[in-house]
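# Descriptive structure summary
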Amino acid sequence: MNPYTEDQSQSIGSLGESKLIEQLKDWLGDAAPAAPFGMGDDCAVLPFPSPGAQQLVTADPIIYGKHFDAQVSPAQAAAKLMRRNLSDIAAMGGRPTHAIICLALDPKVSISWIEPFYKALAEEAKRFQCVIVGGDVSSADHFLGAFLTLYGETSAPHPPLLRHSAQVGSPIFVTGSLGGTRLKKHHSFIPRISEGQWLARSEHCLSCSDLSDGLGKDFANVLPPALGCEIDCSQLPIADDAIETAKSSGKDALYHVFNDGEDFELIFALKPGTAVDSFLTQWRKELQTPVTKIGYATSRTVSKAPRLSFKNAPQSLSANGYEHLR
Ligand SMILES: Nc1ncnc2c1ncn2[C@@H]1O[C@H](COP(=O)(O)OP(=O)(O)O)[C@@H](O)[C@H]1O
Ligand SMILES: Cc1ncc(C[n+]2csc(CCOP(=O)(O)OP(=O)(O)O)c2C)c(N)n1
Ligand SMILES: [Mg+2]
């Protein structure tokens, strides 16, 4: 849906900041607790994390024209905003608790866009068991951005799952399937919260991250700078929608797997020598989400940054991922 209207009476400009904030609170309903624990004071007052848990906090926005466009409904945009932050909490093995949302909006944004957007944020918060405790509204010219800060906590007593901690020989896995994001997954994925928590509880996982910028870039998230990674392209879980996308893009489906980003799946590395078959049996007993071993961490002598090498790759595969500002 196009978020803008030329009819001033239907725009948020006709409400003004204070009236809009009142409306936002109404639309959030019981997803927004009362002050001082929620909206209404200068700060929200948050409780300490549960005993033995550590506090997590992450931030990612959605910006019109950068993370979504007019093809995406306000409810889908809201789900994407919540879930891309939830995906970071999942990657650390945590669960979400509290969210703050800052809006920068052109006055021409329509009430009929912001209302379903906020109602869907409330639905998402309830579904993923967190509350929306505040935020900010400011005006911006020709811009629509919603910036979410999400608090969470680790799964006590387990430490958070960190990036860059794989070791030589670590088998590397991904959840779900990759490369199918352009058609719909970028706004309709499920953050892998249970899977992240399960990994945090397992004694096998050394390192974990989520795939937001594409496997060709984010593989490096689980590796220390001195290591490389060999990926067996014949083992990659290619999404049906990656194959569909490839039909019209003129590129190989693997191109979309490595470069399109926004898979919001987990990539993780296990301790070297982990019995992969019994790990997989255990996973499949307790989790429904598919998981695939895609390769392993390799040693590298001359190194500034982790390097990717391939088995069974098509010739001239480019695998760089998504990079803002370029
Ligand atoms: N503008 C910024 N100021 C401070 N820290 C930032 C900024 N942008 C990103 N970071 C931090 O850099 C790290 C990598 O960011 P990013 O690639 O956006 O992570 P993710 O893919 O998980 O969103 C994160 O720890 C993030 O908090
Ligand atoms: C209109 C529009 N343009 C481009 C994209 C594709 N896209 C936008 S951001 C992004 C990468 C991930 O986003 P980023 O903000 O880098 O997430 P982070 O790594 O910070 O979690 C991709 C593939 C899109 N989904 N919609
Ligand atoms: Mg980010």
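For the structure given in this document, a descriptive report is provided here. (Residues numbered from 1 in each chain as written. Chains lettered and ligands numbered in written order. Predicted model: local features only at pLDDT ≥ 70, side-chain atom pairs only at ≥ 80, totals over all residues. Heavy atoms only, no water.)

Right, let's get into the sheet that holds strand 6 (residues 171–175). Spatially, the six strands line up as an open sheet ordered 7-9-6-10-8-11, and their pairing is mixed. Where the open sheet ends on each side, the last strands, each with one partner, are strand 7 (205–210) and strand 11 (307–311). If you compare each strand with its neighbour and ignore which way they point, the axes differ by 25 degrees on average. Bridge count for strand 7 against strand 9 (residues 266–270) is five bridges, and the pairing is antiparallel. When the sheet's bridge partners are listed, cysteine 208 is paired in strand 9 with phenylalanine 268. Lying on the sheet, helix 2 (residues 74–91) is in contact with strand 7 and strand 9; it crosses strand 7 at an angle near 175 degrees. Docked against the sheet, helix 9 (residues 276–286) engages strand 6, strand 9 and strand 10 (291–299), running at close to 20 degrees with respect to strand 6. (Pairing = 2+ DSSP bridges. Helix = DSSP H or I, 4+ residues; strand = E, 2+ residues; numbered from the N terminus. Axes fitted to C-alpha atoms, helices over the stretch in contact; angles between N-to-C directions. Contact = heavy atoms within 4.5 Å.)

Across the interface, helix 2 lies against helix 3 (residues 111–127) with an axial gap of 8 Å and an inter-helix angle of 40 degrees. It follows from the interaxial angle that helix 2 and helix 3 lie oblique. Read as a crossing pair, helix 2 and helix 3 show a hand that is right-handed. Contact with helix 2, carried on its side by Pro74, Ala75, Ala77, Ala78, Ala79, Leu81, Met82 and Arg83, involves Trp113, Pro116, Phe117, Ala120, Leu121, Glu124, Ala125 and Arg127 of helix 3 and no other residues of that element. (Parallel < 35°, antiparallel > 145°, perpendicular 65-115°, else oblique. Left-handed = near helix turned anticlockwise from the far one by under 90°.)

So, about the site of ligand 1. In the vicinity of ligand 1, the residues found are Asp60, Asp88, Arg163 and Ser212. Expressed as a share of its isolated accessible area of 550 Å², the protein-covered part of ligand 1 is 26%. For the shell around ligand 1, the residue count by class is no nonpolar, one polar and three charged. (Near = heavy atom within 4 Å. Areas by Shrake-Rupley, 256 points an atom, 1.4 Å probe, with all protein chains shown as cover. Nonpolar A, V, L, I, M, F, W, Y, C, P; charged D, E, K, R; others polar.)

The subject of this paragraph is the side chain of aspartate 232. Here aspartate 232 lies in strand 8 (residues 227–232). Buried charge without a salt bridge: aspartate 232, with lysine 311 as the nearest opposite-charge side chain at an N-O distance of 4.1 Å. Among the polar contacts listed, one links the side chain of aspartate 232 to the side chain of asparagine 312, at a separation of 2.7 Å. Setting aside its immediate chain neighbours within four residues, aspartate 232 contacts Ile294, Lys311 and Asn312. (Buried < 20%, exposed > 50% of the residue type's maximum accessible area, 1.4 Å probe, protein only. Lys, Arg positive; Asp, Glu negative; His and termini not counted. Salt bridge = Lys/Arg side-chain N within 4 Å of Asp/Glu carboxyl O. Polar contact = N/O pair within 3.5 Å; in protein donor to acceptor, adjacent residues only side chain to side chain.)

Those residues of helix 9 that fall on the buried side of the exposure criterion are Val276, Phe279, Leu280 and Trp283. All buried residues of helix 9 lie within an arc of 95 degrees about the axis, which places them on one face of the element. In helix 9, those exposed residues whose orientation departs by more than 90 degrees from the buried face are Asp277, Thr281 and Lys285. Buried residues along helix 9 sit against strand 6, helix 5 (193–201), strand 9 and strand 10. (Arc of directions from axis to C-beta.)

Read these as spatial facts, not as claims about activity.
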